[in-house]
Amino acid sequence: MKSSMQNKLSTLSKRIQELNVELSKEDATKDMERFKKISKEHSDITPIVDIYKEYLKFDKDILDAKEMLNDPEIKIFAQAEIDSGKEKLKKIEEQLQKLLLPKDPNDEKNIFLEIRAGAGGDESALFVGDIFRMYTRYVERMRWQIEIISTNEAEVGGYKEVIAKINGLGAYSKLKFESGGHRVQRVPDTETQGRIHTSACTVAILAEADEISDVDINPAEIRIDTYRASGAGGQHINKTDSAVRITHLPSGLVVECQDDRSQHRNKAQAMSVLAAKIKDSQIQEQELKIASERKTLIGSGDRSERIRTYNFPQGRITDHRINLTLYKIDFIMDGDLNELIEALNSEHQADLLAQLDED
């Protein structure tokens with residue numbers, strides 16, 4: 001084990017003892033904010049320290065076994081213990097490396113999901129509908145909750161744009177690599193000659209801001225317009241100006257919300273989405289600085305960059321960032337995204353580990 005890693009683990013071991021003392025004090029809960037902060041730090045560190053103790057145990061067992069190598073009667077047994085111990089140490093060290101990787105502060109947060117039609121006309125709008133259903137089914141599998149914020153339905157079906165909020169612990173950590181361009185290759189229902197068409201949509205995953213106060217939104221820098229909500233296909237049409245459009249003048253960001261009949265709730269939802277968008281743009285700026293030095297997993301960060309192709313005639317899905325192809329398109333379109341998500345997270349972890357080795 002590298003000395004830098006050993007020092008970090010030793011420091012965490014000492015820290016857990018300090019936290020144990022703090023939490024055992026009679027007045028520990030007097031300051032609840034501090035108590036929550038200490039408790040969270042304790043729960044974050046404990047798994048790492050427990051595994052490190054296991055590492056030290058096997059390391060000691062190896063040292064004890066080495067002392068027995070000089071005894072001819074138990075030499076074979078001792079060598080077997082050493083070999084087995086080294087194998088276990090290697091696996092534990094890999095586990096500790098992953099646990100020590102820097103965590104994304106947004107990983108446990110709820111998210112806003114935005115899907116917009118791209119090239120391909122009507123077929124693109126239908127594809128947006130299919131992709132939205134895919135994520136909805138995944139949310140159901142995870143037992144999370146999804147709430148539609150805004151929709152712009154297409155006449156042929158599907159959506160020109162759909163925005164939804166997904167509430168679930170770890171939603172951002174699971175779906176953060178879905179941002180980018182999604183391309184579909186299939187024969188549309190309207191195609192009479194059986195030709196394969198290519199169309200696209202873009203997906204954006206935005207971490208929910210903890211509070212709107214986390215993001216500096218100057219009231220003088222936003223314009224709020226209200227209008228009457230309307231829906232296609234004979235849906236409810238408001239008789240009052242309940243729909244809300246908020247424009248952030250410095251950035252040009254525009255957010256609309258019309259799905260609720262209450263103007264107050266629509267405004268609150270729109271402000272939440274705007275705060276998430278502003279925060280996301282700040283994160284994008286930070287990532288671009290890092291990306292100028294080394295390539296990140298999600299590429300350039302450009303939302304329009306193609307990250308995945310859904311080829312229906314061949315029944316395959318290809319994620320171009322990690323060169324992964326899966327021939328299970330029906331399962332994936334029904335929300336079975338775990339294999340894709342785990343592969344992307346594993347690649348990201350490998351990338352972070354490589355960066356640690358470089359540093």
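Look up: the structure comes first, before these words.
Residues numbered from 1 in each chain as written. Predicted model: local features only at pLDDT ≥ 70, side-chain atom pairs only at ≥ 80, totals over all residues. Heavy atoms only, no water.

Novice: Would you mind showing me how to read the pairing of strand β1 (residues 111-117) here?
Specialist: Looking down a regular strand, the side chains alternate between one sheet face and the other. The buried fraction of β1 amounts to 5 of the 7 residues, a majority that puts the element mostly inside the structure. Across 6 bridges, the pairing between β1 and strand β3 (residues 159-167) is antiparallel. Bridged to Leu113 within β3 is Ala164. Where β1 meets strand β5 (residues 197-207), 7 bridges bridge the pair, whose relative direction is antiparallel. (Buried < 20%, exposed > 50% of the residue type's maximum accessible area, 1.4 Å probe, protein only. Helix = DSSP H or I, 4+ residues; strand = E, 2+ residues; numbered from the N terminus. Pairing = 2+ DSSP bridges.)

Novice: I'm lost on the packing of helix α2 (residues 32-67) against helix α3 (residues 75-99) in this one. Help?
Specialist: Helix-helix packing: each pair is described by the crossing angle between the helix axes and the interaxial distance. Relative to each other, α2 and α3 sit at 160°, their axes nearing to 9 Å. Of the possible angle classes, the one that applies to α2 and α3 is roughly antiparallel. Seen from above, α2 lies across α3 with left-handed handedness. Residues Ile48, Ile51, Tyr52, Glu54, Tyr55, Phe58, Asp59, Ile62, Ala65 and Lys66 of α2 touch α3, and the partners they reach there are Ala78, Glu81, Ile82, Gly85, Lys86, Lys88, Leu89, Ile92, Glu93, Gln95, Leu96 and Leu99. (Axes fitted to C-alpha atoms, helices over the stretch in contact; angles between N-to-C directions. Parallel < 35°, antiparallel > 145°, perpendicular 65-115°, else oblique. Left-handed = near helix turned anticlockwise from the far one by under 90°. Contact = heavy atoms within 4.5 Å.)

Novice: Which parts of the structure should I look at to understand the side chain of Glu123?
Specialist: Looking at the secondary structure, you find Glu123 in helix α4 (residues 122-141). Exposure remark for Glu123: the relative accessible area of 9% places this residue in the buried category. When residues no more than four places from it in sequence are discounted, the contact partners of Glu123 are Arg186, Pro188 and Ser199.

Novice: Honestly, the environment of Glu256 in this entry has me stumped. Any pointers?
Specialist: With respect to the helices, strands and loops of the structure, Glu256 is situated in strand β8 (residues 253-257). Under the relative-accessibility criterion, Glu256 is labelled partly exposed at 31%. Along the backbone, Glu256 and Leu274 are 18 residues apart, and their C-alpha atoms lie at a distance of 9.3 Å. For Glu256, the contacting residues outside a window of four places in its chain are Ser150, Tyr227, Val244 and Arg245. Within the structure, Glu256 has its side chain in polar contact with the side chain of Tyr227 (distance 3.4 Å). Within the local environment of Glu256, its side chain forms a polar contact with the side chain of Arg245, the two groups lying 2.8 Å apart. (Polar contact = N/O pair within 3.5 Å; in protein donor to acceptor, adjacent residues only side chain to side chain.)

Interpretation note: all reported values are geometric properties and have no functional meaning in isolation.
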